[in-house]
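# Structure assessment
Now for the letters of each chain:
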Amino acid sequence: MDYTIEITRAKNSRIGEVDFDNLQFGKFYSDHMFLAEYANGQWQNARIIPFGDLQLSPASSFMHYGQAIFEGMKAFKDENGNALLFRTDQNHKRWNISAKRMGMPEIPFDLFNAALNELVSLDKNWIPTQDGCSLYLRPFMFATDVHVGIRPTENFTFCIITSPAGRYYSKPVRVLAADKYVRAFPGGTGYAKASGNYGASMLPLKEAIEKGYDQVLWMDGFEFRYAEEIGSMNVFFIVDGVVKTPALVGTILDGVTRDSCIQLLRSYGLTVEETRVDLNELLKAYREGKLQDAFGTGTAASVAPISHIGYKGTVMELPAVESREISIRLKKDLEGIKTGNVVDKFNWVTKVQSPLSALV
Ligand code: COI
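Residues numbered from 1 in each chain as written. Predicted model: local features only at pLDDT ≥ 70, side-chain atom pairs only at ≥ 80, totals over all residues. Heavy atoms only, no water.

### Remarks on the pattern of salt bridges
By the definition in use, this model includes 17 salt bridges. The residue Glu335 makes a salt bridge to Arg167 at a minimum N-O spacing of 2.9 Å. Pair noted here: Glu335 is in helix H8 (residues 325-338) and Arg167 is in the loop between strand E8 (156-165) and strand E9 (173-177), with a separation of 168 residues, a long-range link. Residue classification places Arg167 among the partly exposed positions, given a relative accessible area of 30%. Between Arg266 and Glu274 there is a salt bridge; the shortest N-O distance is 3.9 Å. (Salt bridge = Lys/Arg side-chain N within 4 Å of Asp/Glu carboxyl O. Helix = DSSP H or I, 4+ residues; strand = E, 2+ residues; numbered from the N terminus. Buried < 20%, exposed > 50% of the residue type's maximum accessible area, 1.4 Å probe, protein only.)

Structure (structure tokens):
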């Protein structure tokens, strides 16, 4: 289906306010944003307007019951100035999985893709080219029924904002295995990119930071023994040459970067096991000198080395980051593919196309 997106350009660009040589993550937002509403059973009023505040009723249902989902994506520029997107089809697939779990309407690929392409095309100048930087894309959807009662919702807003961003982590990450709080249970929303999953992690995160860590390593909710994911990314370990990552058992997010890393690692000839990762076994491997690497993967985080893992009162200190040949190669290849500097043999990258904004 052809979705017409009406475009209203910002009168003045704010791009001059941004120091592209000192970008942080999530601090600045580009000139425009995308919006569409779902009402009467269909998506309508697709438009791009200047970035700004939204006007919403305080009775909007998402404010009370947290019915909201989001995605994280990134746009890069290649050396010829083309704007590039990465595996849009996979983020779209997960979006609809999240939407379904949260009782929200799906978005057709044509609308999702057109919205991203038009928006990135219009704000192409906001795509940083500095090492490790990107235009971070944040599609999100929330329920807007003006009704403070629990009932299936009928009205929704789909929005995309974009943000020129530096690296999410500027240094190796210290993670603390959860031993009290649980992120997800079988039958819950763990596999969905539901906003509430992240909201519920704020207190555990605050407590982990107070103990000197950067993130929580979420564990299974029964024994606090099997690793699931980290607050901002999926997790990988390398034990005695074998790569291990928690299997997608319904409580874990099916990361697009996770999948890309598995494919890349297998293309290097490595064994990658999607399995239950028992922290007791990991601790044993650590004591025997066999825990070679641990890293997180995510769109925002890219491939982020882990320096310390706290588990049941023991701190496992991982080898120096410079010695970790596999994850260094993985990060270089993944980021190289996304920026057009490494051959994209997996066909993951698409050039941003804009049939509309060229006409306004
Ligand atoms: C992403 O990696 O893009 C995410 O959405 C994770 C978020 C918690 C920063």
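Back to the write-up after that little detour.
### Quick notes on the nonpolar core
In this structure, Phe34, Trp43, Met141 and Phe158 are the most contacted members of the largest nonpolar core, which totals 42 residues. Put simply, the parts of the chain that give this core at least two residues each are strand E2 (32-39), strand E3 (42-50), strand E5 (73-77), strand E6 (83-86), helix H2 (88-101), helix H3 (109-122), strand E7 (134-143) and E8. In terms of residue count, the dominant contributor to this core is H3 (seven residues). Among residues more than four places away in sequence, those in contact with Trp43 are Ala36, Glu37, Tyr38, Pro105, Glu106, Ile107, Pro108, Leu111, Met141, Phe156 and Phe158. (Core = buried A, V, L, I, M, F, W, Y, C linked by side-chain atoms within 4.5 Å. Contact = heavy atoms within 4.5 Å.)

### Observations concerning the domain arrangement of the protein chain
As far as domains go, the protein chain holds domain 1 (6-167 + 349-359) and domain 2 (173-323). Here the C-alpha centre of domain 2 lies 28 Å away from the C-alpha centre of domain 1. Across the boundary between the two partners, domain 1 contributes 19 residues, which contact 19 residues of domain 2. Summed over both partners, the interface of domain 1 with domain 2 comes to about 1600 Å²; 58% of that surface belongs to carbon and sulfur atoms. Ranking the residues of domain 1 by area buried against domain 2 places Phe70, Arg94 and Arg101 at the top, with a combined share of 39%. Linking domain 1 with domain 2 are one salt bridge, by the criterion used here. (Domains from an automatic or database assignment. Buried area = accessible area lost by both parts, 1.4 Å probe.)

### Some details on the packing of H2 against H3
H3 packs onto H2 with a crossing angle of 125° between their chain directions and a minimal axis gap of 10 Å. Relative to H3, H2 is oriented oblique. The element H2 and its partner H3 pack so that their crossing is right-handed. The residues of H3 that touch H2, namely those facing Thr88, Asp89, Asn91, His92 and Trp95, are Phe109, Phe112, Asn113 and Leu116. Considered class by class, the residues forming the contact of H2 with H3 number four nonpolar, four polar and one charged. (Axes fitted to C-alpha atoms, helices over the stretch in contact; angles between N-to-C directions. Parallel < 35°, antiparallel > 145°, perpendicular 65-115°, else oblique. Left-handed = near helix turned anticlockwise from the far one by under 90°. Nonpolar A, V, L, I, M, F, W, Y, C, P; charged D, E, K, R; others polar.)

### A look at the packing of aromatic side chains
Taken as a whole and assessed by the stated rule, the structure comprises 19 aromatic pairs. Relative to Tyr168, the ring of Phe25 has its centre 4.7 Å away and its plane inclined at 80°; by these criteria the two rings are edge-to-face. One end of the pair, Phe25, is in the loop between strand E1 (6-7) and E2; the other, Tyr168, is in the loop between E8 and E9, and 143 residues separate them in sequence. Taken together, a centroid distance of 5.2 Å and an interplanar angle of 65° make the contact between Tyr38 and Trp43 edge-to-face. Residue classification places Tyr38 among the buried residues on the basis of a relative accessible area of 18%. When its relative accessible area of 12% is taken as the criterion, Trp43 is described as buried. Among the aromatic side chains, those forming a connected cluster through ring pairs are Phe34, Tyr38, Trp43, Trp95, Phe112, Phe156 and Phe158. The ring of Tyr226 has Arg276 sitting right over it, with the charged end atom 3.7 Å from the ring centre. One Lys or Arg, Lys338, reaches over the ring of Phe86 and ends 4.7 Å from the middle of that ring. (Phe/Tyr/Trp six-rings, centres within 6.5 Å; stacked < 30°, edge-to-face > 60°. Lys NZ or Arg CZ within 6 Å of the ring centre and 35° of its normal.)

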